[in-house]
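# Structural characterization, general
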Amino acid sequence: MIQKLVNEIKKKNAPIVVGLDPQMSFIPEELLNKYYAEKGHTLDAVADAIYDYNVGLMDAVSDLIPAVKPQVAMYEQFGIPGIIAYKKTVDYAHTKGLVVIGDIKRGDIGSTSTAYAVGHIGSVEIGGEKIYPFDEDIVTVNPYLGSDGVKPFIEVCNKEDRGIFVLVKTSNPSSGEFQDREIDGRPLYEIVADKVTEWGLDSMDGDYSNVGAVVGATYPEMGILLRKAMPKAYILVPGYGAQGGSGKDLKGFFNEDGLGAIVNSSRGIIAAYKNEKYAGMDYKDAARQATIDMIEDIRVNALS
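Here the structure is a predicted model, which is why all the values come from computation and not from measurement.

Here the phi dihedral of Asn13 falls at roughly 50°; this positive angle occurs in a residue that is not glycine. Looking at the secondary structure, you find Asn13 in the loop between α1 (2-12) and β1 (16-18). Although it is not a glycine, Asp135 adopts a positive phi angle of roughly 70°. Here Asp135 is to be found in the loop between β5 (129-131) and β6 (138-141).

On inspection of all chains with the given rule, the structure shows six aromatic pairs. Considering the side-chain rings of Tyr53 and Tyr283, the 5.1 Å spacing of their centres and the 35° angle between planes classify their relative orientation as tilted. With Tyr53 in helix α3 (residues 43-61) and Tyr283 in helix α12 (residues 283-301), this residue pair connects regions lying 230 residues apart in the sequence. Centre to centre, the rings of Tyr273 and Tyr283 are 6.5 Å apart; their planes meet at 65°, and the pair counts as edge-to-face. Taken together, the residues span a long stretch of sequence, with Tyr273 in the loop between α11 (267-270) and α12 and Tyr283 in helix α12 at a distance of 10 residues. For the pair formed by Tyr273 and Tyr283, the shared burial category is buried. Of the aromatic side chains, those joined through ring pairs into one cluster are Tyr53, Tyr273 and Tyr283. Residue placement shows Lys169 over the ring face of Tyr219; its charged tip is 4.3 Å from the ring centre.

What follows concerns the nonpolar core. Within the largest apolar cluster, 85 residues are counted, with the highest numbers of intra-cluster contacts made by Ile164, Val168, Val196, Met230, Leu250 and Ile298. With 12 residues, the single largest contributor to this core is α3. In contact with Val168, other than residues within four places in its own chain, are Gln179, Tyr189, Val192, Ala193, Val196, Ala213, Val214, Val215, Leu226 and Met230. Among the nonpolar cores identified, the runner-up in size contains 18 residues, and Val6, Tyr208, Tyr234 and Leu236 belong to it.

Below, the discussion takes up helix α7 (residues 147-160). With 14 residues, α7 should cover 20 Å at 1.5 Å per step; its first-to-last C-alpha distance of 20 Å lies within 8% of that length. Within α7, burial applies to Gly149, Val150, Pro152, Phe153, Ile154, Val156, Cys157 and Glu160. Asp161 sits one or two residues past α7 and shows a positive phi near 55°.

The next thing to look at is the environment of Ala193. Following the sequence through the fold, Ala193 ends up in helix α9 (residues 188-200). The class for Ala193 is buried, based on a relative accessible area of 0%. The spatial distance from the C-alpha of Ala193 to the C-alpha of Arg227 is 9.5 Å, given a sequence separation of 34 residues. When near neighbours in sequence (up to four residues on either side) are disregarded, Ala193 contacts Val168, Leu226 and Met230.

Cut-off values and rules
- Residues numbered from 1 in each chain as written.
- Predicted model: local features only at pLDDT ≥ 70, side-chain atom pairs only at ≥ 80, totals over all residues.
- Heavy atoms only, no water.
- Helix = DSSP H or I, 4+ residues; strand = E, 2+ residues; numbered from the N terminus.
- Phe/Tyr/Trp six-rings, centres within 6.5 Å; stacked < 30°, edge-to-face > 60°.
- Buried < 20%, exposed > 50% of the residue type's maximum accessible area, 1.4 Å probe, protein only.
- Lys NZ or Arg CZ within 6 Å of the ring centre and 35° of its normal.
- Core = buried A, V, L, I, M, F, W, Y, C linked by side-chain atoms within 4.5 Å.
- Contact = heavy atoms within 4.5 Å.
- Expected span 1.5 Å × (residues − 1).

Set out below in C-alpha coordinates:
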(Lines give C-alpha, C1' and ligand atoms only; values in the text may rest on other atoms or scores of the structure.)
Protein backbone atom coordinates (compact mmCIF):
# COMPACT_ATOMS: atom_id res chain seq x y z
CA MET A 1 0.00 0.00 0.00
CA ILE A 2 2.79 2.45 0.75
CA GLN A 3 3.94 2.14 -2.86
CA LYS A 4 0.47 3.20 -4.01
CA LEU A 5 0.72 6.28 -1.78
CA VAL A 6 4.21 7.05 -3.10
CA ASN A 7 2.95 6.74 -6.68
CA GLU A 8 0.11 9.18 -6.00
CA ILE A 9 2.48 11.64 -4.31
CA LYS A 10 4.77 11.53 -7.35
CA LYS A 11 1.87 11.86 -9.80
CA LYS A 12 0.49 14.98 -8.14
CA ASN A 13 3.84 16.32 -6.95
CA ALA A 14 2.19 17.07 -3.62
CA PRO A 15 3.35 15.27 -0.46
CA ILE A 16 0.32 16.41 1.52
CA VAL A 17 -2.79 14.90 3.06
CA VAL A 18 -5.92 16.82 4.00
CA GLY A 19 -7.29 15.95 7.42
CA LEU A 20 -11.08 15.62 7.29
CA ASP A 21 -11.66 16.52 10.94
CA PRO A 22 -15.09 18.17 10.92
CA GLN A 23 -16.31 20.18 13.86
CA MET A 24 -19.72 21.81 13.97
CA SER A 25 -18.10 25.23 14.08
CA PHE A 26 -16.36 24.50 10.76
CA ILE A 27 -19.50 23.52 8.85
CA PRO A 28 -21.12 26.44 7.00
CA GLU A 29 -24.41 27.46 8.59
CA GLU A 30 -26.33 27.01 5.34
CA LEU A 31 -25.36 23.33 5.26
CA LEU A 32 -26.38 22.74 8.85
CA ASN A 33 -29.63 24.64 8.40
CA LYS A 34 -30.46 22.62 5.29
CA TYR A 35 -30.36 19.37 7.22
CA TYR A 36 -31.93 20.82 10.37
CA ALA A 37 -34.90 21.75 8.19
CA GLU A 38 -35.13 18.19 6.91
CA LYS A 39 -34.40 16.20 10.08
CA GLY A 40 -34.64 18.59 13.00
CA HIS A 41 -31.88 19.25 15.52
CA THR A 42 -30.71 15.65 15.52
CA LEU A 43 -27.55 13.60 15.21
CA ASP A 44 -28.77 12.44 11.80
CA ALA A 45 -28.96 16.04 10.59
CA VAL A 46 -25.44 16.85 11.76
CA ALA A 47 -24.03 13.63 10.28
CA ASP A 48 -25.62 14.37 6.89
CA ALA A 49 -24.22 17.91 6.98
CA ILE A 50 -20.75 16.54 7.79
CA TYR A 51 -20.86 14.15 4.86
CA ASP A 52 -22.10 16.88 2.48
CA TYR A 53 -19.31 19.16 3.75
CA ASN A 54 -16.70 16.44 3.19
CA VAL A 55 -17.94 15.75 -0.32
CA GLY A 56 -17.60 19.44 -1.16
CA LEU A 57 -14.08 19.50 0.22
CA MET A 58 -12.97 16.40 -1.65
CA ASP A 59 -14.52 17.61 -4.89
CA ALA A 60 -12.57 20.85 -4.47
CA VAL A 61 -9.11 19.37 -3.79
CA SER A 62 -8.98 15.74 -4.97
CA ASP A 63 -7.14 16.62 -8.18
CA LEU A 64 -4.39 18.31 -6.13
CA ILE A 65 -3.70 15.78 -3.38
CA PRO A 66 -2.89 12.08 -3.01
CA ALA A 67 -4.74 11.35 0.23
CA VAL A 68 -7.21 12.36 2.92
CA LYS A 69 -7.09 11.60 6.63
CA PRO A 70 -10.45 11.47 8.42
CA GLN A 71 -10.10 11.54 12.22
CA VAL A 72 -12.60 9.00 13.54
CA ALA A 73 -13.23 10.76 16.88
CA MET A 74 -14.72 13.74 15.07
CA TYR A 75 -17.38 11.38 13.74
CA GLU A 76 -17.79 9.17 16.80
CA GLN A 77 -18.89 12.19 18.86
CA PHE A 78 -22.11 12.13 16.82
CA GLY A 79 -22.84 8.48 17.63
CA ILE A 80 -23.96 5.92 15.08
CA PRO A 81 -25.00 8.57 12.50
CA GLY A 82 -21.49 10.03 12.78
CA ILE A 83 -19.89 6.65 12.21
CA ILE A 84 -22.06 6.19 9.13
CA ALA A 85 -20.85 9.56 7.86
CA TYR A 86 -17.26 8.39 8.47
CA LYS A 87 -17.79 5.25 6.42
CA LYS A 88 -19.51 7.17 3.63
CA THR A 89 -16.60 9.62 3.63
CA VAL A 90 -14.08 6.78 3.25
CA ASP A 91 -16.08 5.31 0.38
CA TYR A 92 -16.48 8.64 -1.40
CA ALA A 93 -12.75 9.34 -1.09
CA HIS A 94 -12.06 6.08 -2.89
CA THR A 95 -14.36 7.10 -5.76
CA LYS A 96 -12.14 10.19 -6.13
CA GLY A 97 -9.01 8.03 -6.35
CA LEU A 98 -7.70 9.16 -2.96
CA VAL A 99 -5.70 7.07 -0.51
CA VAL A 100 -7.52 7.06 2.84
CA ILE A 101 -5.54 7.30 6.06
CA GLY A 102 -7.91 6.51 8.92
CA ASP A 103 -6.71 8.42 11.95
CA ILE A 104 -7.94 5.93 14.55
CA LYS A 105 -4.89 5.63 16.89
CA ARG A 106 -5.91 2.14 17.97
CA GLY A 107 -3.74 -0.12 20.08
CA ASP A 108 -4.57 -3.11 22.26
CA ILE A 109 -3.43 -6.72 22.61
CA GLY A 110 -4.22 -10.12 21.19
CA SER A 111 -7.63 -10.68 19.69
CA THR A 112 -8.72 -7.11 20.46
CA SER A 113 -5.91 -5.63 18.39
CA THR A 114 -6.68 -8.11 15.63
CA ALA A 115 -10.32 -7.04 15.69
CA TYR A 116 -9.34 -3.38 15.32
CA ALA A 117 -7.05 -4.24 12.42
CA VAL A 118 -9.61 -6.42 10.67
CA GLY A 119 -12.38 -3.87 11.15
CA HIS A 120 -10.45 -0.96 9.72
CA ILE A 121 -7.95 -2.27 7.16
CA GLY A 122 -8.97 -5.92 6.86
CA SER A 123 -11.94 -7.99 5.84
CA VAL A 124 -14.46 -10.39 7.33
CA GLU A 125 -16.11 -13.33 5.61
CA ILE A 126 -19.87 -13.58 5.97
CA GLY A 127 -21.81 -16.26 4.13
CA GLY A 128 -18.89 -16.86 1.81
CA GLU A 129 -18.65 -13.15 0.95
CA LYS A 130 -15.53 -11.09 1.71
CA ILE A 131 -16.54 -7.74 3.21
CA TYR A 132 -14.35 -4.76 4.14
CA PRO A 133 -16.04 -3.08 7.14
CA PHE A 134 -14.43 0.40 7.16
CA ASP A 135 -11.99 -0.10 4.28
CA GLU A 136 -9.35 2.52 5.02
CA ASP A 137 -6.05 2.01 3.20
CA ILE A 138 -3.80 3.00 6.09
CA VAL A 139 -4.49 3.64 9.78
CA THR A 140 -2.64 5.22 12.70
CA VAL A 141 -1.60 2.88 15.51
CA ASN A 142 -0.64 3.53 19.13
CA PRO A 143 2.40 1.39 20.10
CA TYR A 144 2.14 1.87 23.88
CA LEU A 145 1.21 -1.78 24.46
CA GLY A 146 4.26 -3.01 22.54
CA SER A 147 4.60 -5.59 19.79
CA ASP A 148 1.49 -7.46 20.92
CA GLY A 149 -0.55 -4.42 19.88
CA VAL A 150 1.19 -3.71 16.59
CA LYS A 151 1.90 -7.08 15.01
CA PRO A 152 -1.78 -7.96 14.40
CA PHE A 153 -1.98 -4.83 12.27
CA ILE A 154 1.13 -5.84 10.33
CA GLU A 155 -0.36 -9.28 9.69
CA VAL A 156 -3.45 -7.65 8.20
CA CYS A 157 -1.27 -5.23 6.20
CA ASN A 158 0.52 -8.19 4.62
CA LYS A 159 -2.69 -10.10 3.95
CA GLU A 160 -4.65 -7.18 2.48
CA ASP A 161 -1.90 -4.85 1.14
CA ARG A 162 -2.62 -2.07 3.63
CA GLY A 163 -0.46 0.16 5.80
CA ILE A 164 -0.05 1.71 9.25
CA PHE A 165 1.54 4.82 10.72
CA VAL A 166 2.86 4.19 14.24
CA LEU A 167 2.91 7.09 16.72
CA VAL A 168 6.55 7.93 17.42
CA LYS A 169 6.79 11.63 18.28
CA THR A 170 3.45 13.40 18.22
CA SER A 171 2.90 17.12 17.59
CA ASN A 172 1.04 18.07 20.79
CA PRO A 173 2.80 20.21 23.43
CA SER A 174 2.66 17.60 26.20
CA SER A 175 3.97 14.73 24.07
CA GLY A 176 7.29 14.97 25.89
CA GLU A 177 5.75 13.95 29.23
CA PHE A 178 6.23 10.35 28.11
CA GLN A 179 7.84 10.37 24.66
CA ASP A 180 10.93 12.35 25.71
CA ARG A 181 11.62 10.42 28.91
CA GLU A 182 15.00 8.73 28.85
CA ILE A 183 15.41 4.99 29.15
CA ASP A 184 19.00 3.74 29.36
CA GLY A 185 20.15 7.17 28.21
CA ARG A 186 17.86 7.40 25.19
CA PRO A 187 14.51 9.16 24.75
CA LEU A 188 11.55 6.83 24.44
CA TYR A 189 10.67 8.11 20.96
CA GLU A 190 14.04 6.83 19.67
CA ILE A 191 13.34 3.39 21.10
CA VAL A 192 9.92 3.36 19.43
CA ALA A 193 11.59 4.42 16.17
CA ASP A 194 13.91 1.40 16.42
CA LYS A 195 10.86 -0.85 16.78
CA VAL A 196 9.22 0.78 13.76
CA THR A 197 12.33 -0.06 11.73
CA GLU A 198 12.28 -3.63 13.04
CA TRP A 199 8.55 -4.14 12.44
CA GLY A 200 8.86 -2.59 8.99
CA LEU A 201 11.20 -5.28 7.74
CA ASP A 202 8.26 -7.69 7.88
CA SER A 203 6.19 -5.60 5.47
CA MET A 204 8.29 -4.01 2.75
CA ASP A 205 6.60 -2.58 -0.36
CA GLY A 206 9.21 -1.25 -2.76
CA ASP A 207 11.71 1.15 -1.22
CA TYR A 208 9.55 1.76 1.84
CA SER A 209 7.71 -0.27 4.40
CA ASN A 210 3.97 -0.47 5.00
CA VAL A 211 4.91 0.36 8.61
CA GLY A 212 5.36 4.12 8.73
CA ALA A 213 5.68 6.61 11.57
CA VAL A 214 3.96 9.71 12.91
CA VAL A 215 6.37 12.55 13.74
CA GLY A 216 5.08 16.06 14.40
CA ALA A 217 6.14 19.10 12.37
CA THR A 218 6.34 21.00 15.66
CA TYR A 219 9.59 19.16 16.48
CA PRO A 220 11.80 19.71 13.40
CA GLU A 221 15.08 18.77 15.13
CA MET A 222 13.62 15.42 16.12
CA GLY A 223 12.29 15.03 12.59
CA ILE A 224 15.85 15.18 11.23
CA LEU A 225 17.04 12.59 13.72
CA LEU A 226 14.08 10.26 13.19
CA ARG A 227 14.28 10.49 9.40
CA LYS A 228 17.77 9.00 9.67
CA ALA A 229 16.73 6.46 12.31
CA MET A 230 13.89 5.06 10.16
CA PRO A 231 15.24 5.04 6.60
CA LYS A 232 12.54 2.70 5.25
CA ALA A 233 9.59 4.25 7.09
CA TYR A 234 7.34 6.83 5.47
CA ILE A 235 6.62 9.64 7.92
CA LEU A 236 3.18 11.14 8.43
CA VAL A 237 3.75 14.69 9.65
CA PRO A 238 0.94 16.39 11.59
CA GLY A 239 1.22 19.84 13.12
CA TYR A 240 1.45 21.94 9.94
CA GLY A 241 -0.49 25.20 9.85
CA ALA A 242 -2.85 25.71 12.77
CA GLN A 243 -0.50 23.91 15.19
CA GLY A 244 2.44 26.08 14.18
CA GLY A 245 4.46 24.03 11.69
CA SER A 246 5.47 25.55 8.34
CA GLY A 247 7.32 24.52 5.22
CA LYS A 248 10.70 25.63 6.56
CA ASP A 249 10.29 23.23 9.48
CA LEU A 250 9.82 20.24 7.20
CA LYS A 251 13.03 19.94 5.20
CA GLY A 252 14.55 17.33 7.52
CA PHE A 253 11.53 15.02 7.29
CA PHE A 254 12.15 14.32 3.59
CA ASN A 255 14.81 12.31 1.86
CA GLU A 256 17.02 13.91 -0.78
CA ASP A 257 14.70 12.68 -3.54
CA GLY A 258 11.78 14.60 -2.04
CA LEU A 259 10.06 11.45 -0.80
CA GLY A 260 9.77 9.87 2.63
CA ALA A 261 7.15 12.13 4.21
CA ILE A 262 3.55 13.25 3.79
CA VAL A 263 2.39 16.38 5.61
CA ASN A 264 -1.09 16.79 7.08
CA SER A 265 -3.19 19.92 7.36
CA SER A 266 -6.70 19.76 8.76
CA ARG A 267 -8.45 22.94 9.93
CA GLY A 268 -6.03 25.11 7.93
CA ILE A 269 -7.67 23.73 4.79
CA ILE A 270 -11.14 22.52 5.71
CA ALA A 271 -11.93 25.72 7.65
CA ALA A 272 -9.85 28.04 5.46
CA TYR A 273 -12.90 30.11 4.57
CA LYS A 274 -12.86 31.40 8.18
CA ASN A 275 -9.32 32.71 7.70
CA GLU A 276 -8.97 36.40 6.85
CA LYS A 277 -6.61 35.45 4.04
CA TYR A 278 -9.43 33.75 2.17
CA ALA A 279 -12.23 36.15 3.12
CA GLY A 280 -15.11 36.23 0.68
CA MET A 281 -14.55 32.71 -0.65
CA ASP A 282 -16.94 29.86 -0.01
CA TYR A 283 -15.56 26.92 1.94
CA LYS A 284 -14.73 24.87 -1.15
CA ASP A 285 -12.86 27.61 -3.02
CA ALA A 286 -11.02 28.59 0.16
CA ALA A 287 -10.01 24.97 0.79
CA ARG A 288 -8.68 24.67 -2.73
CA GLN A 289 -6.64 27.87 -2.49
CA ALA A 290 -5.29 26.91 0.93
CA THR A 291 -4.23 23.55 -0.50
CA ILE A 292 -2.44 25.25 -3.40
CA ASP A 293 -0.71 27.60 -0.96
CA MET A 294 0.39 24.69 1.24
CA ILE A 295 1.79 22.75 -1.71
CA GLU A 296 3.74 25.81 -2.83
CA ASP A 297 5.09 26.43 0.69
CA ILE A 298 6.36 22.86 0.93
CA ARG A 299 7.84 22.82 -2.58
CA VAL A 300 9.70 26.09 -2.00
CA ASN A 301 10.74 25.75 1.64
CA ALA A 302 11.04 22.00 2.23
CA LEU A 303 11.84 20.40 -1.11
CA SER A 304 13.99 22.94 -2.95
